[in-house]
Amino acid sequence: MARNVSTRRKLVVTVVAWTVGILIFFPILWTFLTSFKTEAQAIASPPSLLFFDWTTENYHEVQSRSDYFKHFMNSVVVSFGSTLLGLVIAIPSAWAMAFAPTKRTKDVLMWMLSTKMMPPVGVLVPMYLMFRNTGLLDTRTGLVIVLTLINLPIIIWMLYTYFKEIPGEILEAARMDGASLSKEIIYVLTPMAIPGIASTLLLNIILAWNEAFWTLNLSAAKAAPLTAFIASYSSPEGLFYAKLSAASTMAIAPILILGWFSQKQLVRGLTFGAVK
Amino acid sequence: MATLHTRSAARLMIAPSVLLLLAWMIVPLAMTIYFSLLRYNLLMPGMEEFAGLSNYTYFLTDPAFFQAIFNTLAIVLGVLFITVVGGIALALLLDQPMFGQGIVRILVIAPFLIMPTVAALVWKNMFMNPVNGLFAWVAKLVGLQPYDFLANAPLVSIIIIVAWQWLPFATLILLTALQSLDEEQKEAAQMDGAGAWSRFFYLVLPHLSRAITVVILIQTIFLLSVFAEILVTTNGGPGTQSTNLTFLVYAQALLQFDVGGASAGGIIAVILANIVAFFLMRMIGKTLEA
């Protein structure tokens, strides 16, 4: 009897949860479907969910009209560049704080995190002027620098919480066996730290890819990543729903896939280890 | 000796991060403070002069400023309310045994991974547009007049869009916290005759309180700076009806070219954020000790 009830309950929960899930996901699904319609079908009334003439024309058009690939590559360069640069700076710091903590380590960590609390508009004006005066405005280099700085605290924190979980005895054993500091890092620490580093990399690529304050304010036509490119659809001419959908689908697909693979790390990274 | 060697090496390894963040924190912020005391417009180069606190008095007596403060708070509180209440409900739902739980989770998380400009433009055009949007079609279907969301209720529309993006975040964190709740405790409460409601209020909710606090604080930090969603949907309008503090400073700086005024606004935003950050840091600091 009890089993029967629980199966029925499970079925009800399944139906409710799937309905809610699909409703929440619907705007994304709708964007995906619209990207394969013609512009006329995209605004047709009544709208059609699946039964329309599927076409990939929008994808070609977005590329040929506005050089989509350039902006896509800007996003790739800026998000990977800033994340990798951040990792290079952060790995030694996080390692040092995790394995050679001092009385001040906790304060340093907290202070680093506090830099993340500064609202970007607090420094918008000087950043804009400095970028303008040094020629960094609308360059990939400039965006990489800014995104590295804004994500550095998160990178250090994530790495720190992962490194903390590596047992220190193993490192001591390696040291006893005569491994030098550099060897210790390359041969002992790195292999054990790879999963943590990979998670950090993933989360930060997602954050950098979607960052939409600095990329919008510090880039124009040349270095604009996808966030800024898509924003140009806010004042369009003529029919554009299908093209907007095609551009959007390509912009969000890679990150959706990355994000789905790193759900657990998402929680950990975004709460600075406060919720695991 | 080894420890001494390690310690100086450690210091050397931490130095780059500390110096970079220190520079990032102090140099621009000091410049903002300096600019905020100047009469400085980019359209009139070479005319900079010391202006005392006049930028602040200008900003603090501007009606747009109070509207912006109100809008900022409305966005923060509105989105927090929707995402925390909705997040608890969704987390409880997703915690139940069901078929295809993993897939539902993936569907629910998705909006958080969408870049803000895409989310806002999709909602604006394909859903909220009074002529071609899906909502207009549904309204006509049931015999109602289509409603121009972004023109008539710009702030509420933006709150809906931003809440859609942040609901997954709250859900994911609350679900993670929920799953760490001891099953035996729930069973014990059930055996003792506690109903679903009392189990929720006396067992689940207290267990979630920490995670809820974390959600509220972290979201507040980000929600104080909502920008892209406003830029691509309403551009702060109509008038200043959907201008928040971040957008007001942006408009002052990059549309009016008023460096001094914008800097004063920026400093006010920093002070506001610091009040929130103070509580968040204490919260995270406690978990470091644990």
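Residues numbered from 1 in each chain as written. Chains lettered and ligands numbered in written order. Predicted model: local features only at pLDDT ≥ 70, side-chain atom pairs only at ≥ 80, totals over all residues.

## A few points about the overall build of chain B
Phase 1 of the analysis: On a plain count of helices and strands, chain B comes out with 13 helices and two strands.
Phase 2 of the analysis: Here the C-alpha atoms of chain B give a radius of gyration of 24 Å, more than 25% beyond the 19 Å that 2.2 N^0.38 yields for 290 residues.
Phase 3 of the analysis: Principal axes of the C-alpha set define a box for chain B whose edges measure 80 × 75 × 30 Å.
Phase 4 of the analysis: Looking at chain B residue by residue over its 290 residues, the buried ones come to 42%.
Phase 5 of the analysis: Sequence separation of at least 24 residues holds for 70% of the intrachain contacts in chain B that already meet a minimum separation of 6. (Helix = DSSP H or I, 4+ residues; strand = E, 2+ residues; numbered from the N terminus. Rg over C-alpha atoms; globule rule 2.2 N^0.38 Å. Buried ≥ 20, exposed ≤ 12 C-beta atoms within 10 Å, placed from the backbone. Contact = placed C-beta atoms within 7 Å.)

## Comments concerning the overall build of chain A
Phase 1 of the analysis: Tallying secondary structure elements over chain A gives 13 helices and zero strands in all.
Phase 2 of the analysis: Scaling as 2.2 N^0.38, a compact globule of 276 residues should have a C-alpha radius of gyration of about 19 Å, whereas chain A reaches 24 Å, well beyond that.
Phase 3 of the analysis: Across the 276 residues in chain A, those meeting the buried criterion constitute 46%.
Phase 4 of the analysis: In chain A, the proportion of contacts linking residues at least 24 apart, taken out of those at least 6 apart, comes to 79%.

## Examining unusual backbone geometry
All names here are of chain A.
Phase 1 of the analysis: The residue Asp67 is not glycine, and still its phi comes out positive at about 50 degrees.
Phase 2 of the analysis: On the secondary structure map, Asp67 appears in the loop between helix H3 (57-66) and helix H4 (68-99).
Phase 3 of the analysis: Residue class for Asp67 comes out partly exposed when judged on the 13 C-beta atoms lying within 10 Å of it.
Phase 4 of the analysis: The backbone phi angle of Asp138 is positive, close to 60 degrees, even though this residue is not glycine.
Phase 5 of the analysis: Tracing the backbone shows Asp138 in the loop between helix H6 (121-134) and helix H7 (140-163).

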